[in-house]
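# Examination of the molecular architecture
The chain contents come next:
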Amino acid sequence: MRLERAATWDEIVGICENLASPLRCVDAEIEARMKAEVDHVLRAGDSVGGIFEVVAHSVPVGLGSHTQWDEKLDAKMARAVMSMQAVKAVEIGTGMANAGSYGSEVQDEIRYDAARRRFERSSNRAGGLEGGITNGQDIVVRGYLKPISTLRRPLLTADMNTKEPVKAAYERSDVCVVPAGGVAGEAMVALELAGAFLQKFGGDSLEETRRNFEGYERQLDSF
């Protein structure tokens, strides 16, 4: 089971501050069902995977690049999250659903907010990144974790010396690593965003970097 809607930023902030929440799901009923599934898997001697979502809010427009394949920020984020143990797929925005949809159902239509003096999108299916560059919307990255391999009820493997079939050794008690994966995923996304920020605004000190960024913000305001 999963939350079949986009969580609001206030919901995300609230659940991240709730240290009593075991799975950090903004919907209490769905979280209870998730926890029941993990408990069931524990009793069965098995393991279970899942999906974690990282959302970065108020990211400046224009981080990243479209000029080279290895400078695209979405590619860097996908590589960083994919490098985590047990992650077997990475999604940005609604990428999985987009692959099976028509173009008219996927594109985020552009409009101009005269009060904010900013171009905006009517939706965020792109997950805050277009052409490898941030567009000012929330960055939304998901990591898909496989169930860990070591089980309380071990599966078959082969002995390295005898080559004969044996039962795998039981070495750890983890059942679901999704909550821990979310913490690590948040760090990986933050590192890539920080790198893109410094690459764009540079500077040899925090004061210089701030000056460059504030000048860029004034440039956007006068566009």
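Residue positions are given per chain, counting from 1 as you read along its sequence in written order. Restriction of local features to residues with pLDDT of at least 70 applies here, the model being predicted, together with a cutoff of 80 or more for giving and counting side-chain atom pairs; totals for whole chains, interfaces and linings are based on all residues. Each side-chain value is worked out from all heavy atoms of the structure, with water and hydrogens disregarded.

### Points about the side chain of Thr 209
Under the scheme used here, helices are H or I runs from DSSP no shorter than 4 residues and strands are E runs no shorter than 2 residues, and both carry numbers assigned from the N terminus. Among the structural elements, Thr 209 can be located in helix α7 (residues 206–221). Each residue's exposure class comes from its accessible area (1.4 Å probe, protein chains only) as a fraction of the maximum for that residue type: buried when under 20%, exposed when over 50%, partly exposed otherwise. Accessibility expressed as a relative area gives 7% for Thr 209, which makes it buried. Contacts were defined at the residue level, with two residues in contact if any of their heavy atoms lie within 4.5 Å. Thr 209 has contacts with Phe 197, Leu 198, Phe 201, Gly 202 and Gly 203, leaving out every residue within four places of it along the chain.

### What to know about unusual backbone geometry
Positive phi, normally seen in glycine, also occurs at Ser 58, with a value near 60°. Turning to its location among the elements, Ser 58 is positioned in the loop between β1 (50–56) and α3 (73–82). Exposure remark for Ser 58: the relative accessible area of 59% places this residue in the exposed category. A positive phi angle, close to 55°, is found at Arg 117, a residue other than glycine. By the secondary structure assignment, Arg 117 is in the loop between β3 (110–113) and β4 (118–121).

### Considering the pairing of β3
For β3 and β4, the ladder comprises four bridges, and the chain directions are antiparallel. From the neighbouring strand, Arg 111 faces β4, where its bridge partner is Glu 120. Following DSSP output, two strands are said to pair if at least two bridges run between them.

### Thoughts on the nonpolar core
Core analysis: the largest hydrophobic core is formed by 25 residues, its most contacted members being Phe 52 and Met 77. Taken together, the elements giving at least two residues each to this core come down to β1, α3, β2 (87–92), β7 (139–145), α6 (178–201) and α7. Among the elements that take part in this core, α6 stands out by supplying five residues, more than any other. Beyond its immediate chain neighbours, meaning those up to four positions away, Met 77 contacts Leu 129, Ile 139, Val 141, Val 189, Glu 192 and Leu 193. Only buried Ala, Val, Leu, Ile, Met, Phe, Trp, Tyr and Cys residues count toward a nonpolar core, and they belong to the same one when joined by side-chain atoms within 4.5 Å.

### With respect to a nonpolar patch on the surface
Patch membership needs two things, relative accessible area over 30% and no salt bridge, and members are linked within 9 Å if like-charged or within 5 Å if nonpolar (Val, Leu, Ile, Met, Phe, Trp, Tyr). The accessible surface values rely on the Shrake-Rupley method and a 1.4 Å probe; as for residues, cover is taken only from the protein chains in view. Each reported salt bridge corresponds to a side-chain nitrogen of Lys or Arg within 4 Å of a carboxyl oxygen of Asp or Glu. A contiguous nonpolar patch, built from Ile 110, Tyr 112, Phe 119 and Phe 223 and spanning about 490 Å² of accessible area, is present on the exposed surface. Counting through the fold element by element, Phe 223 comes out in the segment after α7. On the accessibility criterion, Phe 223 (69% relative accessible area) is exposed.

### Let's talk about the sheet that holds β2
If you walk across this open sheet you meet the three strands as β1-β7-β2, and the pairing is antiparallel. With one partner strand each, in any of the chains shown, β1 and β2 form the two edges of the open sheet. When strand polarity is set aside, the average angle formed by the axes of neighbouring strands in this sheet is 20°. Only the contacting stretch of a helix is used when fitting its axis, a line to C-alpha atoms as for every element, and angles between N-to-C directions run 0 to 180 degrees. Against the sheet, α6 contacts β1 and β7, and its axis sits at roughly 35° relative to β1.

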